[in-house]
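# A look at the structure
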Amino acid sequence: MTNYIATPTRTKAILNKYGFSFKKSLGQNFLIDVNVLRNIIKHAGIDKQAGVIEIGPGIGALTEQLAIHADKVVAFEIDQRLLPILKDTLHGYNNFELIHQDILKADVVQVIRKHFTKEQNIHVVANLPYYITTPILMKLVRDKLPVSSITVMIQKEVAERMAAQPNTKSYGSLTIALQYYTEAEVAMPVPKSVFMPQPNVDSAILKLEMRERPPVHVEDEDFFFNIVKASFAQRRKTLQNNLKSYFKDRYDKDVIHNVLEKSGIDGKRRGESLDIGEFARLANTFFKETK
Ligand code: SAM
């Protein structure tokens, strides 16, 4: 049997060899189960022609499987202590490049241009550090990367929020933000036992297919996202009350009533009952009426 990195014994041996101690502040929970890694790769749709951007390779558990199944892997790692370890654990793979950088500060578009060909299908694949899951995913989608998909291991509750339907507890501004740029799907729940150390929360594989264009037309993206944020500000409040308090310094309540009436949306509804099309209609009417 091949001695993959992603096993409890090999992982422990690597950690011991380098006297590596996990940094909770960097969300370091390494994967120790090859089956889970293969599931991530399957859901990501990786093949031998694919280019992969990985975030946070750790000691290389997922990176190794990606290097086996894809054409090339470029990974961003923030923790300097992992650099010599990765050099050792992945020395047998010549299709892997490491960039020592905080992903939130990286120019990923530039990196993709530099390392992959125009014809190549690029995918982002990662077991994300949970403390910055949302900022990372928001950055990746807002940067409009030339990638086909983003497949990530994240906290189950957050994955459910990103892929939620209207009128559910998980549905919120994060759902709309992600669904504006991608088609989101919770691919598979994952138990805590496949991580070292085990996290306190359950996990899931989230698959985001990048949309070629947003599913709705919006006049002004920032304004649209502001309306969404305002509508969910207090979940128990009605739409009109949320909009009134959010915009109280800018618009009179008559303006809010007029906009709701013109967009044909009952202000007594709650934000969580509106689908993305209704949010777009509301925001576009608001924008036109107040500009
Ligand atoms: N991919 C490895 C695995 O599955 O075993 C490790 C995953 S671990 C959950 C998250 C990794 O992301 C760690 O290696 C951590 O050091 C790295 N990391 C944390 N914050 C980061 C950031 N801002 N930019 C790049 N890497 C980061």
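Look up a bit, the structure's there.
Here goes a summary of the coordinates provided. Since the structure is predicted, the reported quantities are computational estimates derived from the model, not experimental observations.

### Here we look at the packing of helix α9 (residues 221-231) against helix α10 (residues 239-246)
Contact pair α9 / α10: the axes reach a minimum separation of 8 Å and the direction vectors enclose 115°. Along this stretch, α9 crosses α10, giving a crossing that reads as right-handed. Between α9 and α10, the residues in contact are Asn226, Ile227, Lys229, Ala230 and Ser231 and Leu239, Asn242, Leu243 and Tyr246, respectively. Grouping the amino acids of the contact of α9 with α10 by side-chain chemistry returns five nonpolar, three polar and one charged.

### Quick notes on the packing of aromatic side chains
Counted according to the given criterion, the structure contains 16 aromatic pairs. For the ring pair Phe232 and Phe279, a centre distance of 5.7 Å and an interplane angle of 40° mean the geometry is tilted. Pair noted here: Phe232 is in the loop between α9 and α10 and Phe279 is in helix α12 (residues 276-290), with a separation of 47 residues, a long-range link. The burial state of Phe232 is the same as that of Phe279; both residues are buried. An aromatic cluster of at least three residues, connected via ring pairs, comprises Phe223, Tyr246, Phe247, Tyr251, Phe286 and Phe287. Cation over ring: Arg142 sits above Phe225, and NZ or CZ is 5.8 Å from the ring centre.

### Examining the site of the ligand
Residues in contact with the ligand amount to 24 residues; listed here are only the nearest, Leu31, Gly56, Glu77, Asp102 and Asn127. Between Gln28 and the ligand, the recorded distance is 2.9 Å, taken from a side-chain N or O atom to an oxygen atom. A distance of 2.9 Å is found between a nitrogen atom of the ligand and a side-chain nitrogen or oxygen belonging to Asp102. For the ligand, whose free accessible area comes to 600 Å², the fraction covered by protein is 99%. With respect to the pocket detection grid, the ligand is positioned in the largest cavity. Of all the secondary structure elements, the ones that give two or more residues to the shell around the ligand are β1 (30-31) and β3 (72-77). Its residues placed into classes, the shell around the ligand shows 13 nonpolar, seven polar and four charged.

### Remarks on the pattern of salt bridges
This model, assessed by the stated rule, comprises 12 salt bridges. A salt bridge links Arg81 to Asp79; its shortest N-O distance comes to 2.8 Å. Judged by relative accessible area, which is 29%, Arg81 ranks as partly exposed.

### Things to note about the layout of surface pockets
By rolling a water-sized probe across the atoms, one finds the places where empty space is left. Roughly 260 Å³ of internal volume is contained in the largest pocket. Lining the largest pocket are 13 residues, and of these Lys24, Gly27, Asn29, Pro199 and Asn200 lie nearest its centre. When the residues that make up the lining of the largest pocket are grouped by side-chain class, the tally is six nonpolar, five polar and two charged. Counted as a void, the second largest pocket has a volume near 210 Å³. If you go around the second largest pocket, the residues you meet are Val109, Ile112, Arg113, Phe116, Thr117, Lys118, Gln120, Ile122 and Pro146. Here the element with the most residues in the lining of the second largest pocket is helix α5 (residues 108-115); it accounts for three residues. Taken together, the residues that form the lining of the second largest pocket break down as five nonpolar, two polar and two charged.

### Side note on empty space enclosed by the protein
Taken as a whole, this structure holds one cavity of 30 Å³ or more when the rule is applied. What lines the largest cavity is a set of 30 residues, among which Ile55, Gly56, Glu77, Asn127 and Pro129 lie closest to the centre. Looking at the lining of the largest cavity, the elements that each hand over two or more residues are β1, β2 (51-55), α3 (61-69) and β3. Its residues placed into classes, the lining of the largest cavity shows 19 nonpolar, eight polar and three charged.

Rules of the game
Residues numbered from 1 in each chain as written. Predicted model: local features only at pLDDT ≥ 70, side-chain atom pairs only at ≥ 80, totals over all residues. Heavy atoms only, no water. Axes fitted to C-alpha atoms, helices over the stretch in contact; angles between N-to-C directions. Helix = DSSP H or I, 4+ residues; strand = E, 2+ residues; numbered from the N terminus. Left-handed = near helix turned anticlockwise from the far one by under 90°. Contact = heavy atoms within 4.5 Å. Nonpolar A, V, L, I, M, F, W, Y, C, P; charged D, E, K, R; others polar. Phe/Tyr/Trp six-rings, centres within 6.5 Å; stacked < 30°, edge-to-face > 60°. Buried < 20%, exposed > 50% of the residue type's maximum accessible area, 1.4 Å probe, protein only. Lys NZ or Arg CZ within 6 Å of the ring centre and 35° of its normal. Near = heavy atom within 4 Å. Polar contact = N/O pair within 3.5 Å; in protein donor to acceptor, adjacent residues only side chain to side chain. Areas by Shrake-Rupley, 256 points an atom, 1.4 Å probe, with all protein chains shown as cover. 1 Å grid on protein atoms, 1.4 Å probe; cavity = no way out; pocket = protein on both sides within 12 Å on 5 of 7 lines; lining within 4 Å. Sits in = over half its atoms within 2 Å of the grid points. Salt bridge = Lys/Arg side-chain N within 4 Å of Asp/Glu carboxyl O. Points joined across faces, edges and corners; volume = space filled by probe spheres on them.

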